[in-house]
Amino acid sequence: MYDALTSRYAFSCPARGETSVTLSAFRSLEPLAGTSHPVVYRVVFACACGDEHPGLVTHDELDWAPLGFGGERFFNLMTSRLEDSAVELSDLAARRIQAGEWPWTFFCLPEERPRPVYPSSFFLIAAADRTVGVAVRCPVCSRTSVNLVTHSHVDLPFHNDAEVGVVRHLFWEEPIVEDFRSFLGSSEFDSRRLHL
Ligand SMILES: [Zn+2]
Ligand SMILES: [Zn+2]
């Protein structure tokens with residue numbers, strides 16, 4: 001379950017019971033075969049307990065809940081009332097998208113241009129201290145690019161890095177590198193501007 005106020009997904013952890021992580025703590029995302037309404041993604045996430053665990057996330061939770069299209073409620077400290085945040089958040093998101101801002105973007109290397117994207121197009125994520133490597137399947141050309149970005153670029157909608165690192169090597173097709181993290185360490189990056 002996604003909490004729009006903390007930008008975190010709640011999962012269960014075999015060691016701690018409950019845990020919650022940001023999107024950049026996801027390590028892999030894969031649509032579960034046989035699910036269509038809604039599509040469910042099988043994810044692996046890096047847990048605070050030090051292990052990685054599997055979890056399930058729906059398409060709506062991945063792409064829409066961070067924008068406030070989820071109907072979650074929040075406790076308003078000013079009025080001490082439980083209020084519905086979805087309307088307010090989604091109005092804001094809709095206005096920003098209409099104004100030409102996009103919640104998530106990446107640089108598509110095969111097309112040599114920035115593209116808008118939703119988190120369901122991310123399929124491998126690796127995080128280091130200050131950077132996150134994301135393998136993205138382009139929604140337009142279906143090819144894969146690997147971008148090096150900040151945590152905020154992944155975790156916070158409408159927070160787009162002005163410039164990102166792009167792995168020069170192209171992933172033309174799967175199978176994808178088994179150890180994505182060490183692949184990132186051994187790859188060369190160019191920087192590209194992300195203005196759409
Ligand atoms: Zn855990
Ligand atoms: Zn593309």
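Quick notes on the rules
Numbers given to residues run from 1 along each chain, matching the order in which its sequence is written. Whichever chain is written first is A, and whichever ligand is written first is 1; the rest continue in order. The predicted nature of this model means local features are confined to residues of pLDDT at least 70 and side-chain atom pairs, given and counted, to a pLDDT of 80 or more, with totals for whole chains, interfaces and linings taken over all residues. Only hydrogens and water are removed before side-chain values are computed, so all heavy atoms of the structure are retained for them. Helix and strand definitions follow DSSP, with helices as H or I runs of at least four residues and strands as E runs of at least two, each counted in order from the N terminus. Only protein chains enter the accessibility calculation, which uses a 1.4 Å probe; a residue whose area is less than 20% of its type maximum is buried, one above 50% is exposed, and one in between is partly exposed. Residue contacts are counted whenever heavy atoms from the two residues lie within 4.5 Å of one another. To measure how exposed things are, a 1.4 Å probe is used in the Shrake-Rupley method; for residues, cover is taken only from the protein chains shown. The pairing test for Phe, Tyr and Trp rings, Trp by its six-membered ring, is centres within 6.5 Å, and the orientation test on the planes gives stacked under 30 degrees, edge-to-face over 60, and tilted for anything in between. For a Lys NZ or an Arg CZ to count as sitting over a ring, it must be within 6 Å of the ring centre and within 35 degrees of the ring normal. Being paired, for any two strands, means DSSP has found at least two bridges between them. A donor here means an N, O or S atom no more than 2.8 Å from the metal, or no more than 3.2 Å when the metal is Na, K or Ca. Since water is not included, a site may seem to lack partners. Working rule for geometry: tetrahedral if four donors all subtend angles between 85 and 135 degrees; square planar for four, octahedral for six, if opposite donors exceed 155 degrees and the others stay between 65 and 115; irregular in every other situation.

Colleague: For this particular structure, what's the right way to read the overall build of the protein?
Modeller: For the protein, the helix and strand inventory stands at four helices and 15 strands. Expressed as a percentage of the 196 residues in the protein, the buried residues total 45%. The long-range share in the protein, meaning contacts at least 24 apart out of those at least 6 apart in sequence, stands at 47%. When the accessible surface of the protein is summed, it comes to about 10,500 Å², and 52% of that surface belongs to carbon and sulfur atoms.

Colleague: Is there a simple way to explain the packing of aromatic side chains in this structure?
Modeller: To describe a pair of aromatic rings, you give the distance between the ring centres and the angle between the ring planes. This model, assessed by the stated rule, comprises seven aromatic pairs. Here Phe11 and Phe45 contribute two aromatic rings whose centre-to-centre distance is 4.4 Å and whose plane-to-plane angle is 15°, an arrangement assigned as stacked. Taken as a pair, Phe11 in strand β2 (residues 8-13) and Phe45 in strand β5 (residues 40-46) lie far apart in primary sequence, 34 residues in all. Residue class for Phe45 comes out buried when judged on its relative accessible area of 0%. Put simply, the rings of Tyr2, Tyr9, Phe11, Phe26 and Phe45 touch in pairs and so form one group of aromatic residues. Above the plane of the ring of Phe123 lies Arg137, whose end atom (NZ or CZ) is 4.3 Å from the centre.

Colleague: So what exactly am I meant to see when it comes to the pairing of strand β6 (residues 52-58) here?
Modeller: On any regular strand, side chains alternate: one points to one face of the sheet, the next to the other face. In β6, alternate side chains face the same way, and those of His53, Gly55 and Val57 are buried while those of Glu52, Pro54, Leu56 and Thr58 on the opposite face are not. Relative to β6, β5 runs antiparallel, the two sharing seven bridges. Its bridge partner being in β6, Val40 is matched across the sheet by Thr58. Once β5 ends, the chain turns through five residues before running back antiparallel as β6, passing Gly50 with a positive phi of about 105°.

Colleague: In this structure, what is going on with the sheet that holds β2? I would like to understand it.
Modeller: Working definition: the strands of a sheet are paired by backbone hydrogen bonds and lie parallel or antiparallel to each other. Strand order across the open sheet formed by three strands is β1-β2-β3, with antiparallel pairing between neighbours. Edge strands, defined here as strands with exactly one partner in the open sheet, are β1 (2-3) and β3 (17-21). Relative to β3, β2 is paired through five bridges, and the arrangement is antiparallel. From the neighbouring strand, Ala10 faces β3, where its bridge partner is Ser20.

Colleague: Please clarify how the coordination of the zinc ion (ligand 1) should be interpreted in this entry.
Modeller: Each angle at a metal carrying four tetrahedral donors should ideally be 109.5 degrees, and each at a metal carrying six octahedral donors should ideally be 90 or 180 degrees. The zinc ion (ligand 1) binds to the protein through Cys13 (SG), Cys47 (SG), Cys49 (SG) and His53 (NE2), with metal-donor distances spanning 2.1 to 2.3 Å. Each of the four donor atoms bound to the zinc ion (ligand 1) contributes to angles spanning 102 to 117°, and the resulting shape is tetrahedral. When the donor residues of the zinc ion (ligand 1) are listed from N- to C-terminus, their spacing reads C-x33-C-x1-C-x3-H. Looking at Cys49, the relative accessible area reads 29%, which means it is partly exposed. On the basis of relative accessibility, which here comes to 6%, the residue His53 falls in the buried class.

Colleague: In this structure, what is going on with the coordination of the zinc ion (ligand 2)? I would like to understand it.
Modeller: Donor atoms from the polypeptide that bind the zinc ion (ligand 2) are Cys108 (SG), Glu111 (OE), Cys138 (SG) and Cys141 (SG), placed at 2.0 to 2.3 Å. Site description for the zinc ion (ligand 2): donor spacing in sequence, C-x2-E-x26-C-x2-C. Placement of Glu111 in the loop between β9 (105-108) and β10 (113-116) and of Cys141 in the loop between β12 (132-137) and β13 (144-149) is noted, with a sequence separation of 30 residues between them. Here Glu111 falls in the partly exposed class, since its relative accessible area comes to 24%.

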